[in-house]
Amino acid sequence: MTQTLCPATNNLCAGAIPVTCGSTQTQTTVGATTAGAPIGTCGTTAGSGGLWYSYMGNGDIVTFSLCGSAFDTKIQVVTGNCGAFTCVTGNDDSCGLQSEVQVTTAVGTLYYIYVYGFGTAQGVFTLNTTCITPPPPPSNDNCTTATTVPVNTDGTCAQIVSGTVAGGTPSTQANACVGTADDDVWFSF
């Protein structure tokens, strides 16, 4: 007698299992399909069938980790609606052959986490979700509070200003530069 494995209820995006800070989910991708998997690359490429989870953003810095799982894993984090995704990040091989990503979440944004395997790899995995509160935004986080940089009058460059992007929030100004809009600070001279 041949045994057929039925995919888990979270084999499709619509069945995504909600995860929270401090939660651990252990499942197997054996029997999972690629139906509804994100198309294209999002930090990593396609692979074997996978399972879906969801996380409601609360402003925390969230780590989704598959470290210690029993096979060669991959992970992608997307936003949007099932079938119409926007890539946030993805990873293959962060901790050995297992995957891990970190996302600074936006309050009220629903994130989908897709757990799957490299190539045809399948097996038991553990998804750990951990969170930390981000640092407060720097004083020059917005254009209206830009830090004034003194202009050096000679070639000595004796007058300098340092800064950090840690805790930076998205700016409302349009930006065609490379990078993410949530890690900017402002200077003027």
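Predicted model only: the values in this text are computed from it and were never measured. (Residues numbered from 1 in each chain as written. Predicted model: local features only at pLDDT ≥ 70, side-chain atom pairs only at ≥ 80, totals over all residues. Heavy atoms only, no water.)

Caption draft 1: Structural view of the overall build of the protein chain. Secondary structure assignment for the protein chain yields 0 helices and 11 strands. Walking the protein chain from its N terminus toward its C terminus, one meets helices and strands in the order β-β-β-β-β-β-β-β-β-β-β. In terms of C-alpha radius of gyration, the protein chain reaches 21 Å, well past the compact-globule figure of 16 Å for 189 residues. Its C-alpha atoms put the protein chain at 85 × 30 × 30 Å along the principal axes. Out of the 189 residues belonging to the protein chain, those deemed buried represent 35%. Sequence-distant contacts in the protein chain: of pairs separated by 6 or more residues, those separated by 24 or more amount to 76%. On the protein chain, roughly 10300 Å² of surface is accessible, and the fraction owed to carbon and sulfur atoms is 58%. (Helix = DSSP H or I, 4+ residues; strand = E, 2+ residues; numbered from the N terminus. Rg over C-alpha atoms; globule rule 2.2 N^0.38 Å. Buried < 20%, exposed > 50% of the residue type's maximum accessible area, 1.4 Å probe, protein only. Contact = heavy atoms within 4.5 Å. Areas by Shrake-Rupley, 256 points an atom, 1.4 Å probe, with all protein chains shown as cover.)

Caption draft 2: Structural view of the sheet that holds strand β1 (residues 17-18). Overall, mixed pairing links the 5 strands, which are arranged β1-β3-β8-β5-β6 in an open sheet. Lying at the two open borders of the sheet, with one neighbouring strand each, are β1 and β6 (84-92). Bridge analysis of strand β5 (residues 73-81) against strand β8 (residues 110-117) gives 6 bridges, and the strand direction is antiparallel. Opposite Val77, over in β8, you have Ile113 as the bridge partner. (Pairing = 2+ DSSP bridges.)

Caption draft 3: Structural context of the pairing of strand β9 (residues 124-132). As paired strands, strand β2 (residues 24-28) and β9 are joined by 5 bridges and run antiparallel to one another. Bridge pairing links Thr28 to Val124 in β9. For strand β4 (residues 61-65) and β9, the ladder comprises 5 bridges, and the chain directions are antiparallel. When the sheet's bridge partners are listed, Thr63 is paired in β9 with Thr130.

Caption draft 4: Examining the nonpolar core more closely. In terms of nonpolar packing, the biggest core is built from 18 residues, with Tyr53, Phe64, Ile113, Phe125 and Leu127 touching the most fellow members. Among the elements of the structure, β3 (51-56), β4, β5, β7 (100-104), β8 and β9 are those that each provide at least two residues to this core. With residues up to four places along the chain from it excluded, the contact list for Tyr53 reads Asn10, Ala16, Ile17, Val19, Gln25, Gln27, Tyr111, Tyr112, Ile113, Val115, Phe125 and Leu127. Ranked by size, the runner-up nonpolar core spans 9 residues in total, among them Ala16, Val78, Tyr112 and Tyr116. (Core = buried A, V, L, I, M, F, W, Y, C linked by side-chain atoms within 4.5 Å.)

Caption draft 5: The arrangement of the state of the cysteines in detail. Using the criterion set out here, one finds 4 disulfides in the structure. The disulfide bridge from Cys67 ends at Cys95, spanning 1.9 Å between sulfur atoms. Handedness here is read from the sign of the S-S torsion; for Cys67 and Cys95, about -100 degrees, the answer is left-handed. Of this pair, Cys67 sits in the loop between β4 and β5 while Cys95 is found in the loop between β6 and β7, placing the two residues 28 residues apart along the sequence. The connectivity of the disulfide-linked cysteines in the protein chain, indexed sequentially, is 1-5, 2-8, 3-6, 4-7. (Disulfide = S-S within 2.5 Å.)

Caption draft 6: Local environment of the sheet that holds β4. In space, the 4 strands of this open sheet follow the order β2-β9-β4-β7, with antiparallel pairing throughout. Strand pairing shows two members of the sheet lacking a second neighbour, β2 and β7, which therefore form its edges. Looking at each pair of strands side by side, their axes are set apart by 15 degrees on average, direction ignored. (Axes fitted to C-alpha atoms, helices over the stretch in contact; angles between N-to-C directions.)

Keep in mind these numbers describe shape, not what the thing actually does.
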